[in-house]
Amino acid sequence: MKDFHTLFTVIIILGFIIFVVRRQMGPTANKRTIDESIALLQRRLSGARGAYVPASGIYEAFKEDCTDPYNLRNMAYDILSHCGMTASGLELRSQEVLDSEGAAGTYSHQNGISTITIRVSRYARDNVVLAVLIHECMHYFLRHSGISFSDTHENEILTDTATVYMGFFEYMYHGYIMVGYLRDSELLYVKKALEADQSL
């Protein structure tokens, strides 16, 4: 029993070390696509947005119950408003799930209607749900702005990059662990790259 406890402790410590190291590492396989995404956004949009500050009443209600479709819709509209876009033909759905298999959220567009579905469990944390919602709202924003890559994976990298470009870094960085396409160190890379461009 003592050996099992020692082994378990070593595994926990190693896991924590790996987490810290990965958090500090910069982009690896995604660096080229991140750089191409930044260049595309700079060509197609008027400039990076300032930091997102959610409307307090909407945000407080969302934190009280981040799974309620009404609160999700209000947050989505607030997110898109920050992007300079009025949501039109957008439906929000909350889908309760019992496991963590599959995407945390989805975006689809059919017959002029865009649908964002957020998959949540009863243990959903508002910071994670908000990061997923921002990502899915960014799909809506990019689609209606006519900005995309043809490759599906590259388009997901573009979407995550755009969340930082549009001012949502803090919410993505603190809520996107284990559910995003970019690691938090890669989100940080995007932020630093944009700051370096602005200082030129």
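Above this text is the structure in question.
Notes on the structure in this doc start here. Note that this is a predicted model, so its numbers are computed, not measured.

What follows covers the pattern of salt bridges. Taken as a whole and judged by the stated rule, the model has six salt bridges. Its salt-bridge partner being Asp35, residue Lys31 comes within 2.8 Å of it at the nearest N-O pair. Separated by four residues within a single helix, Lys31 and Asp35 lie in helix α2 (residues 31-44), roughly one turn from each other. Take Asp35: its relative accessible area is 28%, and that puts it in the partly exposed class.

A separate point is the side chain of His135. Tracing the backbone through its elements, the reader meets His135 in helix α5 (residues 126-145). With sequence-adjacent residues up to four places away left out, His135 is seen in contact with Glu156, Thr159, Asp160, Thr163, Met172, Tyr176 and Tyr181.

Further remarks concern the packing of aromatic side chains. Under the criterion given, the structure shown has five aromatic pairs. Between Tyr52 and Phe168 the ring centres are 4.8 Å apart and the planes differ by 50°, which places this aromatic pair in the tilted class. With Tyr52 in the loop between α2 and α3 (56-64) and Phe168 in the loop between α6 (152-165) and α7 (169-173), this residue pair connects regions lying 116 residues apart in the sequence. Phe168 shares its class with Tyr52; the two are buried. Ring centres of Tyr107 and Tyr140 lie 6.5 Å apart, and the angle between their planes is 85°; on these two criteria the pair is classed as edge-to-face. Residue Tyr107 is found in strand β2 (residues 105-110), and its partner Tyr140 is found in helix α5; the two are separated by 33 residues along the sequence. In this structure, Tyr107 and Tyr140 share a single accessibility class: buried. A network of ring pairs unites the aromatic residues Tyr52, Tyr59, Phe168 and Tyr171 as a single cluster. It is Arg73 that lies over the ring of Tyr77; its NZ or CZ is 5.3 Å from the centre.

The rules behind each value
Residues numbered from 1 in each chain as written. Predicted model: local features only at pLDDT ≥ 70, side-chain atom pairs only at ≥ 80, totals over all residues. Heavy atoms only, no water. Salt bridge = Lys/Arg side-chain N within 4 Å of Asp/Glu carboxyl O. Helix = DSSP H or I, 4+ residues; strand = E, 2+ residues; numbered from the N terminus. Buried < 20%, exposed > 50% of the residue type's maximum accessible area, 1.4 Å probe, protein only. Contact = heavy atoms within 4.5 Å. Phe/Tyr/Trp six-rings, centres within 6.5 Å; stacked < 30°, edge-to-face > 60°. Lys NZ or Arg CZ within 6 Å of the ring centre and 35° of its normal.

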